[in-house]
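Coordinate analysis (summary)
Listed below, chain by chain, are the residues.
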Amino acid sequence: QKEVEQNSGPLSVPEGAIASLNCTYSDRVSQSFFWYRQYSGKSPELIMSIYSNGDKEDGRFTAQLNKASQYVSLLIRDSQPSDSATYLCAVKYGGSQGNLIFGKGTKLSVKP
Amino acid sequence: NAGVTQTPKFQVLKTGQSMTLQCAQDMNHNSMYWYRQDPGMGLRLIYYSASEGTTDKGEVPNGYNVSRLNKREFSLRLESAAPSQTSVYFCASSATGNTEAFFGQGTRLTVV
């Protein structure tokens, strides 16, 4: 069974703090990992992709991948109220033509 | 550039009625996906198509059929709608390889 696990939250952080979102996955051969943001009533939008071990930074966002531990995380620095959304972790299973499996999402609330 | 377009945006069906959800992408992507999203359940894969002419079952295929009409279009059919199929349905597409998926705006379906 292909699984992607996330804490459902809600995760509440004060404005300006670092938000840390975590995800684990079950298939060791997975190569592609994605973080999507979804505002209420909207479709998911990609914010980060990561393919190799280590950190990848893009503005206030940092994705971290540890394939040995089957763990992906997303850090949001200087959190803003506009970051309040549900964050979905996604893993591509079955190689480059495989399917994309999502976790249930973590709801983040950034308090002014 | 429209990206991924889904029709309709909203639909109400009576139990037992049939309907087809349409999805088209203009990004020349090979892979296309259908997901449903229910509260607290995240995005669950119904069917996906790795390339024109191929389709595969995802996590929750029962009660649905799909057609990959050509490279651009991937439709989802409910033959006999049930209240359990009340959900928000998302279509997505991605290029071949370990690349991200892009989502349509979703179809909110209610079965009464």
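Structural notes, computed from the coordinates. Just so you know, these numbers come straight off a predicted model, no measurement behind them.

The rules behind each value
Residues numbered from 1 in each chain as written. Chains lettered and ligands numbered in written order. Predicted model: local features only at pLDDT ≥ 70, side-chain atom pairs only at ≥ 80, totals over all residues. Heavy atoms only, no water. Disulfide = S-S within 2.5 Å. Helix = DSSP H or I, 4+ residues; strand = E, 2+ residues; numbered from the N terminus. Buried < 20%, exposed > 50% of the residue type's maximum accessible area, 1.4 Å probe, protein only. Contact = heavy atoms within 4.5 Å. Buried area = accessible area lost by both parts, 1.4 Å probe. Polar contact = N/O pair within 3.5 Å; in protein donor to acceptor, adjacent residues only side chain to side chain. Pairing = 2+ DSSP bridges. Axes fitted to C-alpha atoms, helices over the stretch in contact; angles between N-to-C directions.

Scanning the entire structure with this criterion turns up 2 disulfides over all chains. Disulfide partner of C23 of chain A: C89 of chain A, at an S-S distance of 2.1 Å. The sign of the -70 degrees torsion about the S-S bond sets the C23 of chain A-C89 of chain A disulfide as left-handed. Highlighted residues: C23 of chain A in strand β3 (residues 19-25) and C89 of chain A in strand β9 (residues 85-93), separated in sequence by 66 residues. We classify C23 of chain A as buried; its relative accessible area is 1%. The disulfide that involves C23 of chain B links it to C91 of chain B, with 1.9 Å between the sulfurs. Judged by the sign of its S-S torsion, about -75 degrees, the bond between C23 of chain B and C91 of chain B is left-handed. Linking C23 of chain B in strand β3 (residues 19-25) with C91 of chain B in strand β9 (residues 87-94), this pair joins segments that are 68 residues apart in sequence. Here C23 of chain B matches C91 of chain B in class, with each residue buried.

On to the interface of chain A and chain B, then. The interface of chain A with chain B comprises 22 residues on the first partner and 22 residues on the second. Here chain A meets chain B over a buried area of about 1,800 Å², counting both sides, of which 54% is carbon and sulfur. The tally of links between chain A and chain B comes to 4 residue pairs in polar contact (both at pLDDT 80 or more). When contributions to the side of chain A that touches chain B are tallied by element, the ones reaching two or more residues are β4 (32-38), β9 and β10 (99-102) of chain A.

All names here are of chain A. Ordered in space as β1-β3-β8-β7-β6, the 5 strands form an open sheet in which the pairing is antiparallel. Whereas interior strands pair on both sides, the edge strands pair on one side only; in this sheet they are β1 (4-6) and β6 (54-58). The average undirected angle you get between the axes of adjacent strands in this sheet is 20 degrees. The pairing of β3 with strand β8 (residues 71-76) spans 6 bridges and is classified as antiparallel. Residue pairing for β8: C23 is matched across the bridge by V72.

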